[in-house]
Amino acid sequence: MTDTSKKSVKEFVQRWTGKGYEKGESQRFWIDLLQNVLGIYNATEYIVFEEQVKLDHTSFIDGYIEATHVMIEQKSIRKDLRKGIQQSDGSVLSPYQQAVRYSSMLPYSKRPR
């Protein structure tokens, strides 16, 4: 890792330490990470936020990068990612289980790897 990369990572960590409101900061967090840490120019051309998924109801994928088949299911700071979280339909799923459910509803060509 170059000195510039280390500096970018440290600055990113400083900007986001103590933050973590999923609904209000998620998109800014990912664009900041993609552009300023990973060096992806114009990240908004690659990542899609709140993509609709049709279950028994309409739900939303927090972030999706089609070119790399990356699905992001983000939770607010202080959420235990190992425990189930109540969903809008009343089911209780871990973030991983939630992502698997979303993935199963996507066309095979768009599913995360």
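Structure first, text after, so check above.
A few points on the structure. (Residues numbered from 1 in each chain as written. Predicted model: local features only at pLDDT ≥ 70, side-chain atom pairs only at ≥ 80, totals over all residues. Heavy atoms only, no water.)

### Remarks on the packing of aromatic side chains
A full pass over the atoms with the stated rule returns 4 aromatic pairs. Directly above the ring of Trp16 sits Lys19, whose terminal nitrogen or CZ lies 5.4 Å from the centroid. (Phe/Tyr/Trp six-rings, centres within 6.5 Å; stacked < 30°, edge-to-face > 60°. Lys NZ or Arg CZ within 6 Å of the ring centre and 35° of its normal.)

### Some details on the sheet that holds strand 2 (residues 58–65)
Taken together, 3 strands build an open sheet; the order of strands is 1-2-3 and the sheet is antiparallel. Sheet topology places strand 1 (47–54) and strand 3 (70–72) at the edges, where each strand pairs with a single neighbour. Neighbour-to-neighbour, the strand axes of the sheet open up by a mean angle of 40°, direction not taken into account. The sheet contact formed by strand 1 and strand 2 spans 7 bridges and is antiparallel. (Pairing = 2+ DSSP bridges. Helix = DSSP H or I, 4+ residues; strand = E, 2+ residues; numbered from the N terminus. Axes fitted to C-alpha atoms, helices over the stretch in contact; angles between N-to-C directions.)

### Some thoughts on unusual backbone geometry
In the Ramachandran plot, His69 falls in the positive-phi region, its phi being about 55° despite a non-glycine side chain. Position of His69 among the secondary structure elements: in the loop between strand 2 and strand 3. Taking relative accessible area as the criterion, His69 reaches 18% and is therefore assigned buried. The phi dihedral of Arg78 falls on the positive side, at around 75°, and the residue is not glycine. (Buried < 20%, exposed > 50% of the residue type's maximum accessible area, 1.4 Å probe, protein only.)

### Thoughts on helix 1 (residues 3–16)
Taking 1.5 Å as the rise per residue, helix 1 with 14 residues should run 20 Å; its terminal C-alpha atoms sit 20 Å apart, in good agreement. Listed in full, the buried residues belonging to helix 1 are Ser8, Phe12 and Trp16. Seen along its axis, helix 1 keeps its buried residues to an arc of 55°; they face one direction. Turned more than 90 degrees away from the buried face of helix 1 sit Asp3, Lys7, Lys10 and Gln14, all of them exposed. Where the residues of helix 1 are buried, they touch helix 2 (22–37). Just beyond helix 1, the residue with positive phi is Gly18, at close to 85°. (Expected span 1.5 Å × (residues − 1). Arc of directions from axis to C-beta. Contact = heavy atoms within 4.5 Å.)

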